[in-house]
Amino acid sequence: MIGIMLYILYLIITFSIEEYKVSHNIKSLQEFIVQTTQYNKDALERIAYKQSSAYKNMVLKEQQSLKNKWEKVIYLTSQQNYNKYTTESDVMVDDTNQYIIKEYNITDNMNISQKWSYYLFEKSQY
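Residues numbered from 1 in each chain as written. Predicted model: local features only at pLDDT ≥ 70, side-chain atom pairs only at ≥ 80, totals over all residues. Heavy atoms only, no water.

Draft legend 1. Representation of the overall build of the chain within the structure. When you go through the chain residue by residue, the secondary structure sums to four helices and two strands. Starting at the N terminus and walking to the C terminus, you meet the elements of the chain as α-α-α-β-β-α. Counting over 126 residues, the chain shows a buried share of 10%. Of all intrachain contacts in the chain linking residues separated by at least 6 positions in sequence, the fraction that spans at least 24 positions is 16%. (Helix = DSSP H or I, 4+ residues; strand = E, 2+ residues; numbered from the N terminus. Buried < 20%, exposed > 50% of the residue type's maximum accessible area, 1.4 Å probe, protein only. Contact = heavy atoms within 4.5 Å.)

Right under this line is the structure:
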């Protein structure tokens, strides 16, 4: 009789442990599903934003270094230094057909990254 009672008690405990494991796995799967759907929703919103014309316009303007009318340009160097390094250095002809030779501009043959390093640190990478 005691053996049967112990066996029934053993079955009750094992079934309750298995039920707990199953319910815990179901809860963790439900949490995973909620997180995955939220991630997918955020990804779809991000894709929709990156396919919008406003985002494409912003990226194109950044690549072409353009600005909108309401945007302001922030100079990391003084305006005078900026103008000094961005002047043209070609030979020009004035109204009296005399050649005017401007001084050579060191930044004429530099790419963008070299120009920025020169403007900011006044170092030439040549």
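Draft legend 2. Highlighting a nonpolar patch on the surface. The grouping of Ile2, Leu6, Leu9, Ile13 and Ile17 at the surface amounts to a nonpolar patch, some 500 Å² of accessible area in total. Its location among the elements puts isoleucine 13 in helix H1 (residues 2-50). Of the residues examined, isoleucine 13 reaches a relative accessible area of 44% and is grouped as partly exposed. (Patch = residues over 30% accessible without salt bridge, like charges linked within 9 Å, V, L, I, M, F, W, Y side chains within 5 Å. Areas by Shrake-Rupley, 256 points an atom, 1.4 Å probe, with all protein chains shown as cover. Salt bridge = Lys/Arg side-chain N within 4 Å of Asp/Glu carboxyl O.)

Draft legend 3. Spatial organisation of the confidence of the model for the chain. Across the chain, the average pLDDT comes to 76, with 63% of residues at or above 70. Looking over the chain, one finds the lowest element-wise mean pLDDT in strand S1 (residues 91-93), namely 47, and the highest in H1, namely 93. Low pLDDT, under 50, characterises residues 89-94; the stretch is placed with 17 contacts to residues that sit more than four places away or in other chains. (pLDDT = per-residue confidence, 0-100.)

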